[in-house]
Amino acid sequence: MTDRFPKSLLIDGKTLEGASDGAIELTEPATETPLCAVPAVGEKEIDQALQAAQRGFAQGSWSSSNPAARSEALFRLARAIRENCERLARIEARNVGKPIGDARWEINAGARCFEFYAGAITQFGGRTIPVAKNGFDYTIRQPVGVVAAIVPWNFPFLMACWKVAPALATGNSVVLKPASLTPLSALALGELAWEAGVPGNILQVIAGRGSVVGDYLTGHPLVRKIAFTGETGTGARILRQAAGDIKRVSLELGGKSPNVIFADADVDAAAEAAPMAVFANTGQDCCARSRVLVERSVFDRFSEGFVAATKRLIVGDPLSEETQVGPLVSSGQRETVERYIAIAEEEGGKRLVGGSRPQSPGYYLAPTIFAGLPSKARVCQEEIFGPVACILPFESEAEAIALANDTQYGLSGSIWTRDIERALRVARAVESGVLSVNTNSSVHQEAPFGGFKRSGFGRDLGVEAMQLYTELKNVYIDLSGGK
Ligand code: NAD
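Student: Please clarify how the packing of aromatic side chains should be interpreted in this entry.
Tutor: The description of two aromatic rings rests on the distance between their centres and on the angle between their planes. Per the counting criterion, the structure on display carries seven aromatic pairs. When the centroid spacing of 5.3 Å and the interplanar angle of 75° are considered together, the rings of Trp153 and Phe385 count as edge-to-face. Placement of the pair is Trp153 in the loop between strand S7 (146-150) and helix H5 (156-169) and Phe385 in the loop between helix H12 (378-381) and strand S16 (388-394), with a sequence separation of 232 residues. For the pair Trp153 and Phe385, a shared accessibility class is recorded, and that class is buried. Linked through ring pairs, Phe279, Phe302 and Phe306 together constitute an aromatic cluster.

Here is the structure:
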């Protein structure tokens, strides 16, 4: 099959095939061969896009439109995404190295995200507040203005949808900047949005190097709100950039999430599920449960099951229907992960499985499990963003909670137990924004998603996300007639 890759930026209703920072050459992670190139913006194109976004917002045909009109356009976009699922999934599989089945899931989840906000916006409003007998007090939610949405390379399409859908639904104009490694699906999303009737100055998509244009975009006075997903260090930098203008900021950042297995759980089910809780998307997942904490009495049984299930994972060509784990996104990312494997060995870790490259081309690395490391070891503390898990024993519930919280991050995690009271106690005590019990499934379109501690603040998904893209206004009307 010949794949058609988007090659133009989408600025002010026009497609641009060249830009002032040259081109970004993309490589296919599964083959290490050139994929295609896209133009890279400089300050000139960012000015152009933000001025168009500001004009579009001020003109009001989107921001002040009837919510039903925005809803219809977003439903049309969702339909177009579903109709183009195969093309988009292949773009994602080839650009990111993501298994095609996972890529299809991601594209459909993106469509579902637009459907959710297309529906939710017609029910999103303020409230009336009883402040006085002779007065009427009410709140309204208004769009913030120009939103810069900056997304990472691990779930490029879905992260773009998580930002763009609630921002557009609530009436903002958006400039979307995907990661320089993976700009293709965001550009394709922009094309479909324009075709579905989203105005060309209300959603624009640029591609560029974060190191070249990141500070300029986030410090730009026309940007009212920054919606960011990426590394904690980049998030901190963005927060500093935003401080001068008191821009609205929401940050979805890194993670080092626990998978806590108590002896009273269905230990075999937990062991069977544990590999994809950390190795899905080749471990390049902010929610990866990379700190596996197991009650001592079932430690050996769980470890054997976890290792055996990991050995059964099908690692290979992202375009093959059977593949469960693809390559890493880039050669640099694989080298980073290999450095962590070396550090784990220097720190005395015992490698139970994995850790090696296959002979074939592609940025592959076998899923890797370490035991025998203390919680303070670097590989148990730092986000590796690759297929590496550490397994640690605990003696008591209190120790399990202490280990689960022994990290600067607080994004996600799972708890496996048959004791409902324990599940409720531990879920309350673990400092993470998104937890699941007896499953690894903790991300749902309808429910809020986001982090504690250095995993960020603000929430994607659910009705909560719409609050982030709106200002809350309170109005009081005096009805006393001067009496
Ligand atoms: P990254 O921080 O390097 O890049 C993210 C985006 O920011 C990219 O578009 C990049 O070009 C841009 N960028 C880089 N420097 C910038 C700057 N100075 N100013 C503005 N933008 C800049 O992250 P990544 O390597 O693409 O993604 C991996 C990270 O994302 C991991 O830490 C992962 O945990 C995190 N992540 C978090 C979530 C979540 O929901 N919490 C989801 C997915 C990924």
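Student: Got a minute to help me understand the nonpolar core in this structure?
Tutor: One broad trend across soluble globular proteins is that nonpolar side chains are buried collectively. In this structure, Ile81, Phe114, Tyr117, Leu168, Leu176 and Leu189 are the most contacted members of the largest nonpolar core, which totals 96 residues. Counting only domains with at least three residues in this core, you end up with domain 1 (9-253 + 456-473) and domain 2 (258-445). The residues touching Leu168, leaving out its near neighbours within four places in the chain, are Trp62, Arg70, Leu74, Val174, Val198, Ile202 and Leu203. The next biggest cluster of nonpolar side chains, apart from the first, holds 28 residues, and it includes Val260, Val379, Ile401 and Leu403.

Student: I tried to follow the domain arrangement of the chain on my own but got confused; where do I start?
Tutor: Size of an interface: often given as the accessible area lost when the parts come together. Split into domains, the chain comes out as domain 1 (9-253 + 456-473) and domain 2 (258-445). Each of domain 1 and domain 2 has a C-alpha centre, and these two points are 30 Å apart. If you look at the interface, domain 1 gives 32 residues, while domain 2 gives 29 residues. Area buried by domain 1 at its contact with domain 2 is led by Glu32, Pro99 and Trp153, which between them contribute 22% of it.

Student: When you look at the site of the ligand in this model, what are you seeing that I'm missing?
Tutor: Near the ligand lie 28 residues; those nearest to it are Val151, Trp153, Thr234, Leu253 and Glu383. Separating an oxygen atom of the ligand from a backbone N or O atom of Gly230 is a distance of 3.4 Å. At a separation of 2.5 Å, an oxygen atom of the ligand approaches a polar side-chain atom of Glu383. In isolation the ligand offers 850 Å² of accessible surface; the protein chains occlude 92% of this area. When atoms are counted within 2 Å of each cavity's grid points, the one that captures over half of the ligand is the largest pocket. Going through the elements one at a time, helix H7 (210-219), strand S10 (225-229) and helix H8 (232-243) are the ones with two or more residues in the shell around the ligand.

Student: What is the right way to read unusual backbone geometry from this model?
Tutor: For residues other than glycine, phi is negative in most cases, and the peptide bonds are mostly trans. A positive phi is found at Phe385, a non-glycine position, where the angle reads about 60°. In this structure, Asn438 is a non-glycine residue whose phi angle is positive, near 60°. By the secondary structure assignment, Asn438 is in the loop between strand S19 (436-437) and strand S20 (452-453). Classification of Asn438 as partly exposed rests on a relative accessible area of 37%.

The rules behind these values
- Residues numbered from 1 in each chain as written.
- Predicted model: local features only at pLDDT ≥ 70, side-chain atom pairs only at ≥ 80, totals over all residues.
- Heavy atoms only, no water.
- Phe/Tyr/Trp six-rings, centres within 6.5 Å; stacked < 30°, edge-to-face > 60°.
- Helix = DSSP H or I, 4+ residues; strand = E, 2+ residues; numbered from the N terminus.
- Buried < 20%, exposed > 50% of the residue type's maximum accessible area, 1.4 Å probe, protein only.
- Core = buried A, V, L, I, M, F, W, Y, C linked by side-chain atoms within 4.5 Å.
- Domains from an automatic or database assignment.
- Contact = heavy atoms within 4.5 Å.
- Buried area = accessible area lost by both parts, 1.4 Å probe.
- Near = heavy atom within 4 Å.
- Polar contact = N/O pair within 3.5 Å; in protein donor to acceptor, adjacent residues only side chain to side chain.
- Areas by Shrake-Rupley, 256 points an atom, 1.4 Å probe, with all protein chains shown as cover.
- 1 Å grid on protein atoms, 1.4 Å probe; cavity = no way out; pocket = protein on both sides within 12 Å on 5 of 7 lines; lining within 4 Å.
- Sits in = over half its atoms within 2 Å of the grid points.

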